[in-house]
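Residue-level structural notes
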Amino acid sequence: MTRAEFLARLRRGLVGLPATTANEIVNDYEAHFADGAAAGRSEAEVAAALGDPDRLARELKAEAGAQRWRQEPSASSAAAAVFGILGLGAIDILILLPIALPVFGTVLSILVAGIAVFIAGGFVLVAGPFVGAPGGALAAALLGVGLMGMGIFMVGTMALLTKWLIDATVWYARLHYRVIKPALEPQA
């Protein structure tokens with residue numbers, strides 16, 4: 001993404017803020033591009049480092065609403081702060097919830113299947129030699145051990161995946177907390 005594209009999308013996203021505030025924000029991000037160019041970075045690298053300008057604009061609008069509420073507690077500033085934060089959350093719910101539910105459902109299903117495979121492997125290991133399994137007792141024992149190993153692998157892999165998903169969710173929540181934290185802190 002070029003500098004002009006990034007700044008145009010950022011400016012469009014800041015519609016609704018006072019013009020002076022929006023201009024200050026855009027000027028700050030123009031300075032980021034100037035600093036990046038001075039350091040030898042391309043416009044695309046600077047834009048990638050700054051993130052999605054639409055998302056950034058929503059966060060900045062929410063932060064500006066929270067700041068306005070701190071400076072002048074009134075009904076209109078409260079509404080601006082609440083709607084700014086809800087705007088972040090609504091986008092998250094609309095985008096992330098349809099993605100997160102199937103992912104967590106799949107992880108849980110594979111986890112349960114891994115436990116079932118482990119139990120079935122234990123059953124084959126213990127009972128296989130006594131029920132006349134094809135290939136004899138050694139084949140039944142090896143099949144049982146193999147199934148148990150596969151079950152352990154499935155459960156372990158899903159445990160790691162679950163940890164990574166939870167870490168990603170916490171990281172994402174911290175991004176939002178950074179925006180609303182100033183509004184939650186007591187004023188000095």
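What counts and how
- Residues numbered from 1 in each chain as written.
- Predicted model: local features only at pLDDT ≥ 70, side-chain atom pairs only at ≥ 80, totals over all residues.
- Heavy atoms only, no water.
- pLDDT = per-residue confidence, 0-100.
- Helix = DSSP H or I, 4+ residues; strand = E, 2+ residues; numbered from the N terminus.
- Expected span 1.5 Å × (residues − 1).
- Core = buried A, V, L, I, M, F, W, Y, C linked by side-chain atoms within 4.5 Å.
- Buried < 20%, exposed > 50% of the residue type's maximum accessible area, 1.4 Å probe, protein only.
- Axes fitted to C-alpha atoms, helices over the stretch in contact; angles between N-to-C directions.
- Parallel < 35°, antiparallel > 145°, perpendicular 65-115°, else oblique.
- Left-handed = near helix turned anticlockwise from the far one by under 90°.
- Contact = heavy atoms within 4.5 Å.
- Nonpolar A, V, L, I, M, F, W, Y, C, P; charged D, E, K, R; others polar.
- Patch = residues over 30% accessible without salt bridge, like charges linked within 9 Å, V, L, I, M, F, W, Y side chains within 5 Å.
- Areas by Shrake-Rupley, 256 points an atom, 1.4 Å probe, with all protein chains shown as cover.
- Salt bridge = Lys/Arg side-chain N within 4 Å of Asp/Glu carboxyl O.
- UniProt positions renumbered as here; feature names shortened; annotations may be inferred.
- Phe/Tyr/Trp six-rings, centres within 6.5 Å; stacked < 30°, edge-to-face > 60°.

Okay, the confidence of the model for the protein chain next. Residue-level pLDDT values for the protein chain average 81, and 78% of them are 70 or greater. When pLDDT is averaged over each element of the protein chain, helix α1 (residues 3-13) comes out on top at 91 and helix α4 (residues 53-71) at the bottom at 78.

Let's shift gears to helix α2 (residues 19-38). With 20 residues, α2 extends 28 Å from end C-alpha to end C-alpha; this agrees with the ideal 28 Å at 1.5 Å per step. Just past α2, the residue G40 takes up positive phi, approximately 90°.

Bringing the nonpolar core into the picture now. The biggest cluster of nonpolar side chains holds 15 residues, and the ones touching the most others in it are F6, L10, L14, I25, Y29 and L60. For this core, the element with the most residues is α2, which contributes 5 residues.

In this section: the packing of α2 against helix α3 (residues 43-50). Taken N-terminus to C-terminus, the directions of α2 and α3 make an angle of 130°; their axes are 9 Å apart at the nearest point. Relative to α3, the element α2 lies oblique. Judged by the twist between their axes, the crossing of α2 over α3 is right-handed. On α3, the residues that touch Y29, H32, F33 and G36 of α2 are E43, V46, A47 and L50. Grouping the amino acids of the contact of α2 with α3 by side-chain chemistry returns 5 nonpolar, 2 polar and 1 charged.

For the rest of this paragraph, the subject is the environment of G151. Considering the arrangement of structural elements, one finds G151 in helix α6 (residues 136-184). G151 gets classed as buried once you look at its relative accessible area, which sits at 0%. Sequence separation between G151 and I115 is 36 residues, and the spatial gap between their C-alpha atoms is 5.9 Å. Apart from the residues within four sequence positions on either side, G151 is in contact with G114, V117 and F118.

The next point concerns a nonpolar patch on the surface. On the surface, a nonpolar cluster with roughly 380 Å² of combined accessible area is contributed by I115, F118, I119 and I152. Of all the elements, helix α5 (residues 75-127) adds the most residues to the nonpolar patch, at 3 residues. In this fold, F118 is placed in helix α5. By relative accessible area, which is 32% here, F118 ends up partly exposed.

So, about the packing of α1 against α2. Between α1 and α2, the shortest axis-to-axis distance is 10 Å and the interhelical angle comes to 160°. One way to sum up the angle between α1 and α2 is to call them roughly antiparallel. Every pair of crossing elements has a handedness; the one defined by α1 and α2 is right-handed. Note on element contacts: α2 touches α1 through N23, I25, V26, Y29, E30, F33 and A34, opposite R3, F6, L7, L10 and R11.

A few words on the UniProt feature "transmembrane region" (unreviewed entry) in the protein chain. Per the UniProt record, the feature "transmembrane region" (unreviewed entry) sits at residues 78-101, 107-131 and 138-161. The distance separating the terminal C-alpha atoms of residues 107-131 is 34 Å; by composition the span is 84% helix and 0% strand. Spanning residues 138-161, this segment combines 100% helix with 0% strand, and its end C-alpha atoms are found 34 Å apart.

Summed over all chains, the structure comprises 2 aromatic pairs. Here the aromatic rings of F6 and Y29 are separated by 6.3 Å at their centres, their planes lie at 40°, and the arrangement is tilted. Separated by 23 residues along the polypeptide, F6 in helix α1 and Y29 in helix α2 bring together distant segments of the chain. Like F6, the residue Y29 is buried in the burial classification. A ring pair is formed by F6 and F33, whose centres lie 5.4 Å apart and whose planes are at 65°; its orientation type is edge-to-face. One end of the pair, F6, is in helix α1; the other, F33, is in helix α2, with 27 residues separating them in the sequence. Residue F6 is classed as buried on the basis of its relative accessible area, which comes to 0%. Under the relative-accessibility criterion, F33 is labelled buried at 3%.

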